[in-house]
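Report on the structure
Listed below are the residues making up each chain.
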Amino acid sequence: GIQVEQSPPDLILQEGANSTLRCNFSDSVNNLQWFHQNPWGQLINLFYIPSGTKQNGRLSATTVATERYSLLYISSSQTTDSGVYFCAVDLNSNSGYALNFGKGTSLLVTP
Amino acid sequence: DAGITQSPRHKVTETGTPVTLRCHQTENHRYMYWYRQDPGHGLRLIHYSYGVKDTDKGEVSDGYSVSRSKTEDFLLTLESATSSQTSVYFCAISESGGASNYGYTFGSGTRLTVV
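Notes on the structure follow. Since the model is a prediction, treat every value here as computed from it, not as a measurement.

1. Some thoughts on unusual backbone geometry
Backbone torsion omega between S7(A) and P8(A) reads -10 degrees, so that peptide bond is classified as cis. Summarising the element assignment, P8(A) is placed in the loop between strand 1 (4-7) and strand 2 (10-14). Along the chain, S7(B) connects to P8(B) via a cis peptide bond; the corresponding omega equals -10 degrees. Along the chain, the position of P8(B) falls in the loop between strand 1 (4-7) and strand 2 (10-13). One non-glycine residue, N28(B), lies in the positive phi region at around 60 degrees. Inspection of the secondary structure assignment puts N28(B) in the loop between strand 3 (19-25) and strand 4 (31-38). Among the residues examined, N28(B) registers a relative accessible area of 62% and is labelled exposed.

2. Here we look at the pairing of strand 3 of chain B
All names here are of chain B. Alternating positions in strand 3 separate cleanly, V19, L21, C23 and Q25 being buried on one face and T20, R22 and H24 remaining unburied on the opposite face. Note that strand 1 and strand 3 share 4 bridges and pair antiparallel. Each bridged residue has a counterpart across the sheet, and for S7 the counterpart in strand 3 is R22. As judged from the 6 bridges shared by strand 3 and strand 8 (residues 73-78), these two strands associate in the antiparallel manner. Looking at strand 8, one finds that C23 is bridged to F74.

3. Remarks on the sheet that holds strand 7 (residues 59-64) of chain A
All names here are of chain A. An order of 1-3-8-7-6 is seen for the 5 strands of this open sheet, with the pairing classed as antiparallel. At either margin of the open sheet sits one strand with a lone partner, and together these are strand 1 and strand 6 (52-56). Neighbour to neighbour, the strand axes of the sheet diverge by 15 degrees on average, direction disregarded. Pairing analysis gives 4 bridges linking strand 1 to strand 3 (residues 19-25), with the strands arranged antiparallel. Note on strand 3: the bridge partner recorded for S7 is R22.

Procedures and definitions
- Residues numbered from 1 in each chain as written.
- Chains lettered and ligands numbered in written order.
- Predicted model: local features only at pLDDT ≥ 70, side-chain atom pairs only at ≥ 80, totals over all residues.
- Heavy atoms only, no water.
- Helix = DSSP H or I, 4+ residues; strand = E, 2+ residues; numbered from the N terminus.
- Buried < 20%, exposed > 50% of the residue type's maximum accessible area, 1.4 Å probe, protein only.
- Pairing = 2+ DSSP bridges.
- Axes fitted to C-alpha atoms, helices over the stretch in contact; angles between N-to-C directions.

Below is the structure:
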């Protein structure tokens, strides 16, 4: 299947700082999504972004499909941004039905 | 909130007993998925369904079976629970396999402990 690697594994920021999370994948993808898991365990879909750039408030994402990576930008971080951020891509090149998740980046934003 | 509920939310069971987890949706989405989440592993796909009675295995399907007799319900069964199946189980739904702007919607999870 398509492998997903996320970096960094852990990140600590002070409130107001900016950050960039990276997702590398091993093959071309039809589907790439970013998720946020809050400290209570709830998983929320942030972006569907197999290519290009999208923005939603303080969050934006860019995927460079030809170079097989995606970046998630968090600007002016807030304590509520804490949690784990997951990148997920097609399980394999033959199916766009299921997603394969990276191991995540654990973010802690301190006041 | 999207109409997806998992039951039970928490369960403790003994090794060797069968366990069934339920995922129920009210969105009429075609695709449903079961993942497990363990420290250091992220989320790993157990089984998924792309229609009523249409299911396929994921990367960690051993020891698990699934059934989908109705669009709204996707059941995950541990035939004989083992301690290695202690985990948090998440169900997800998708209207179009995720290959769209709709993406995935996750349930709140079921924390299963096998003692």
